[in-house]
Structure formats: structure tokens, C-alpha cells
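# Residue-level structural notes
Here are the chains, one letter per residue:
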Amino acid sequence: MYWVVILILAVALLGPMAGLFAHVDKAAFIETMQSAQFLKALNITLLSSCGGAVFSLIIAILLARSFATHEWKLKRLQRLIILIPYLVPNFILATAYVIAWNPVTGLLNGVMPFPSRLYGLYGMTIVFGIAHAPLAFLLLEDKFKRIDNSLREAAKLSGANQTTILAKIELPLLKPTILSAFGLCFALNISAFAIPAWIGAPERAYTLTYKIYQVLQVGGSDGLPRASVFSIVLFLLSIPPLLVTGWIQRREQMFTTLSGKAAKTGGESWSKRGFMLFQIFFWVTQTFFWIAPLLCLAASTLVKPGCLQTSGISCFNDMSLKSYSYVLFDLSETHAAFWGSIVYGTLSAAIIMFVAVTTIICFSNRPLHLKTAEWLFSLPVATPGAIIALGLIVSCSGKYGLNIYNTPYIAVAAYVIKHINLAFQPLRTGYATVSRSIFEAARISGASPARVWRDIMLPILRPEVLGGFFLVLIPILGELTMSIFLTSPSFKSIGTVLFDLQDYADQSSAAALSIVLVILVLATNKLAHFLSKGKLGY
């Protein structure tokens, strides 16, 4: 019975990808693999993804160590500032960079020039690194805190400076986490669509994800065989991070970072010079990473298009909210986008929470089944969104008896498959912290399993359920990669409309819609943090 449930989950989650791979034509596979365009796209994908992951790690290590080992006023606020590029959808960050550093019309070109050129491989690598550095920071900060402080103290007594301690003690102990962070950033980079579309495409630096979009745009359904080949390669590239993560989890005890009664974390005192240098580094990097670009994005919504480039700050004498009025009230596509993102996003989040809670309830006393379900839920996380979208197009277009193509429900299915693990993991963690004695006491008192869950467990897990709902809704509201493939006359998302506005060179409207979405995402994050009593969100 329980393995039947697992089988149903496996078919629902992995079936679309299996259908996509079954659609591959051998002749098209050989032809595509030998084409110069494919080899160039593969090379650009690997270079930008690896380079971006390395850049993310460098930023994360420099920041995470200071946040883990020192205390100061406003530390909590500065930590939130670091996480903003992660909370803001990638396509909004890319839009901000285009407005700030477009080679011809960039607002910051004369004040704070972008290193080299924004467009192309180099710029794409830098933006990848900035966009995903917060995730590496979150992973490394926790592990830096867990390092036994007596190791640092012993090294200092032996005459080692901070650089030596970092290189000889801390980084070797953090090797598993560093590899995991690199794998996560690499997987996110290869599956990204917005940054290659905004930053790479103008210089024809096409990644595999963008090539899939390009092939389908040009060839329609006739382009599916070639798109399937690109998807297979993209899927193969996503496997090594999964294998590395599994290998690390099996050997994690070899790298013990916290042990014994002598273990202490954090609390190192800053020297005045060290604190000043860190603050300068922090504010300079964060200003460049997102503060200045997002301010340019916001400023461009308040004045006439092109005014800032020609007249400078004098444009603010004629500030108006016409861009917001047009986007929110006059543009019919925006109404459809908000309806699609909010209504179908909410439906997706509700389905995700129902499946996650039901899975925990069904397999609460069956560790093997629960572990299998966890593995099934985690696999789509590492799978590029383009593959999930294409798999659903192939398998849900009537060929296998189910036809939801060109309906909003195919997007709902994609969101559920991609993001279900985001809700399942907090629920499982919360469930693991509940003592088994509660179950035993309830059963001795005559309560049935259903009543135990209804009257005891679900109220205990309410913060994870409510917070998890909004935590899942955040990436769905800002989703673009899957939505761009699944958009139809009956479904549009905020991301796809913003992409169209940017594509039609309507930067003022695109910027206004971006600011509205940023406010919506940050408010949803705050709601998730509040409802989960600080357990979820930031």
C-alpha cells in the first residue's frame, strides 16, 4: 500500500522528465551534438556557471566568517542586506543591471563603471556570482559558527594570523560545505534563464537554457527534438552536484567542526581598524551588488524614459507615478499576469502544502518510505526548470491520455514539481523535533492516529505549515524559467509579462512592474517569517 503511494509520487514527479527523454530522436541527437552552436552554448554554460559559482564562494567566505565569529550593532540588519539579491527575482536584478550599466544608456557608467562590459560572458558570470552568493553565505555562515573556537585560540597562541587560520584550519574543515555550496550555485547557474536572456543574449553569449527557448521560439513544435537534446545535456550537468552532495553527506563526520564541552562559537572582538575595514568592504560590495542598481531601477520609474541620461537629476523636478499607473491600471497584460501569478501561484502552494503534510502523516512511522519520498522531492530541485517545463509539454499534450497543454494547470503542475521540497524539508525538520513520547501518551489515552495528528501534531507544526505556504509562494511569484515555456493565451505570469516589456524595449514599464514585484516578494517573505515564528523566511 505505502509503496504504491511512493510509486504514484515517482510517476507524478519524474514522469514528465522520462517522457521528455523518450521523445529524443537519435538522428537529431547526433546532429545537435556535433553542431558548432551546441558546442559554443555548452562552453559558455560551463564557463559562466563555474566562474559564477567560484565568485559566489569567494564573496560568501569573506562575509560568512565575519558574521559567524563577531558581534556588533546592526549585524542583523546587515545580514538581511546580504540576502536581498537572493530574495529579489533574478530577472529584476538583471533588469536593474541593464538600467545601471547598459554600455550606451547606463545611469552609472560615469559614476561607478561596471568592470569591463556588462553584456556577454564576463558580465553574465559576475551577475551569476552576485545573485547566488547569499545561498553560499547561508550554508557557510552556519558551519563557521560550528567550528570549535579552541582551534582558533590554539592557532593564535602559536603565532598564526587570521589569514593563516582561515587557510590552514577553517577552510579544510569546511571543505564539504564549500563543495556543497559550489554544487548548489553551479546547479542554479546552469538552470537560470533570466540572466542569460538579459545579460548574455545581447552579445550572443547563449547558454543551453536560452538555446532551448530560442529553438522553441523559432521552430515551435518542430524544435522539440533539438530542445530535448539540449535538455538531456542540461540534466547531465545537474547530476554531478547531486552526487557530490550525497558523497559529502555520507562522509560528513570526517569533518567534525563542533565537539566537546570546550566548544564555543562566535564572540571574537573586533579591532577598531579591522571593524572599519570590514564595514568599508561590506558597504562598497553591497552598494555595487544591488543597492545602486535597484536605486537606478526605482529612479527610472519616476521620470520620463531617457530623461536621466540626457538631463540628469534635474528630471526629478517633474517626477510622476505615470509608469506605475500605466502598468497597474492601463496595461491589460499586467492584470492577467497578477491573476495568473497570485491565483495559480496560491493554488500551487496549497497543493504543495497538502502533498507535503500528507506525506509526513502517511510515512511518519516508516523511515525508509519517508527517506524515499524525501529523495523524490529533492531530485526536481536540482533539475533545471526548463527540463521540467519541456517534460510537461511532451507528456501532458494528449500523447499519454492527459492534455493540459495551453492551460494554467500545466504551470501549476510545474510549480508543484519544482518547489515541493521547499515545503517538505521544514515540515520534516519540525516533525523530527517532536518527542515520540507525545504519540505514546496520546495512544495510551485512547486517541486514534488521525486524532493525534488533528489535535496534537498539526497544531505543533502550524508555524511550519503557515510559514511554508508563503515561503513556497515567494519563488512562484518570481518564477520565469518554467513560465516562459508554459505561457499561453489563458496563462501569463508577472515574470513573462516583464520579459515581454523588456523585449519590447519598454524599460520604464518593466522597471515599474519590477518594483511592484520586489515589494510583493519582500512582504511575502516577512509574512512567512512572522507566521512561522521566525523559523522560516528572513
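The structure this text deals with has already been given above.
Just so you know, these numbers come straight off a predicted model, no measurement behind them. Per chain, residues are indexed from 1 in the order of the written sequence. Where local features are concerned, this predicted model is filtered to residues with pLDDT of at least 70; where side-chain atom pairs are given and counted, the filter is 80 or more; whole-chain, interface and lining totals use all residues. The basis for every side-chain value is the complete set of heavy atoms in the structure, and neither hydrogens nor water enter the calculation.

### Points about the packing of helix 3 (residues 36–69) against helix 6 (residues 121–146)
Between helix 3 and helix 6, the shortest axis-to-axis distance is 5 Å and the interhelical angle comes to 40 degrees. Comparing the axis directions of helix 3 and helix 6 gives the class oblique. Crossing handedness for the pair helix 3 and helix 6: right-handed. Its residues assigned to classes, the contact of helix 3 with helix 6 shows 21 nonpolar, seven polar and three charged. Here the axes come from fitting lines to C-alpha atoms, over the contacting stretch only for helices, and the angles between their N-to-C directions go from 0 to 180 degrees. Helix and strand labels come from DSSP, where a helix needs a run of H or I of at least four residues and a strand needs a run of E of at least two; each type is numbered from the N terminus. In this scheme, roughly parallel covers angles under 35 degrees and roughly antiparallel covers those over 145, while 65 to 115 is roughly perpendicular and the rest are oblique. Take the far helix as the reference: if the near one is turned anticlockwise from it by less than a right angle, the crossing is left-handed, and if turned clockwise, right-handed. Residue type decides the class: Asp, Glu, Lys and Arg count as charged, Ala, Val, Leu, Ile, Met, Phe, Trp, Tyr, Cys and Pro as nonpolar, and the leftover types, Gly among them, as polar.

### Brief notes about the nonpolar core
We define a nonpolar core as any set of buried Ala, Val, Leu, Ile, Met, Phe, Trp, Tyr and Cys residues linked to one another through side-chain atoms lying within 4.5 Å. Under the scheme applied here, a residue whose accessible area is under 20% of the maximum for its type counts as buried, over 50% as exposed, and between as partly exposed, the area being computed with a 1.4 Å probe on protein chains only. Of all hydrophobic cores here, the largest spans 167 residues; its most connected members are Y97, W198 and I199. With 13 residues, helix 3 is the largest single contributor of residues to this core. Among residues more than four places away in sequence, those in contact with W198 are F91, A94, T95, V98, Y119, L480, L498, F499 and Q502. Core analysis: the next-biggest nonpolar cluster, separate from the first, contains five residues, A299, V303, L308 and C315 among them. When checking whether two residues touch, look at their non-hydrogen atoms; a contact exists if any pair is within 4.5 Å.

### A word on the state of the cysteines
We call a pair of cysteine sulfur atoms a disulfide when they lie within 2.5 Å. Scanning the entire structure with this criterion turns up one disulfide. Paired by a disulfide, C307 and C315 hold their sulfur atoms 1.9 Å apart. Between C307 and C315, the S-S dihedral sits near -100 degrees, and the bridge is therefore left-handed. For C315, a relative accessible area of 4% gives the class buried. For C296, which is in no disulfide, the shortest distance to another cysteine sulfur is to C315 and amounts to 13 Å. Judged by its relative accessible area of 7%, C296 is buried.

### Describing the packing of aromatic side chains
Aromatic rings from Phe, Tyr and Trp, with only the six-membered ring used for Trp, were paired whenever their centres fell within 6.5 Å, and each pair was classed as stacked if the ring planes differed by under 30 degrees, edge-to-face if by over 60, and tilted otherwise. The tally for this structure, following the rule as stated, stands at 31 aromatic pairs. Ring geometry for Y97 and W101: centres 5.2 Å apart, planes at 55 degrees, overall tilted. One end of the pair, Y97, and the other, W101, are both in helix 5 (residues 90–101), four residues apart, so they sit about a helical turn from each other. Grouping residues by exposure puts Y97 and W101 together as buried. Taking 5.3 Å as the distance between ring centres and 15 degrees as the angle between the ring planes, the aromatic pair formed by Y206 and Y210 counts as stacked. Y210 sits in the buried class, given a relative accessible area of 13%. An aromatic cluster is built from F91, F193, W198, Y206, Y210, Y213, F485 and F499, whose rings are joined through pairwise contacts.

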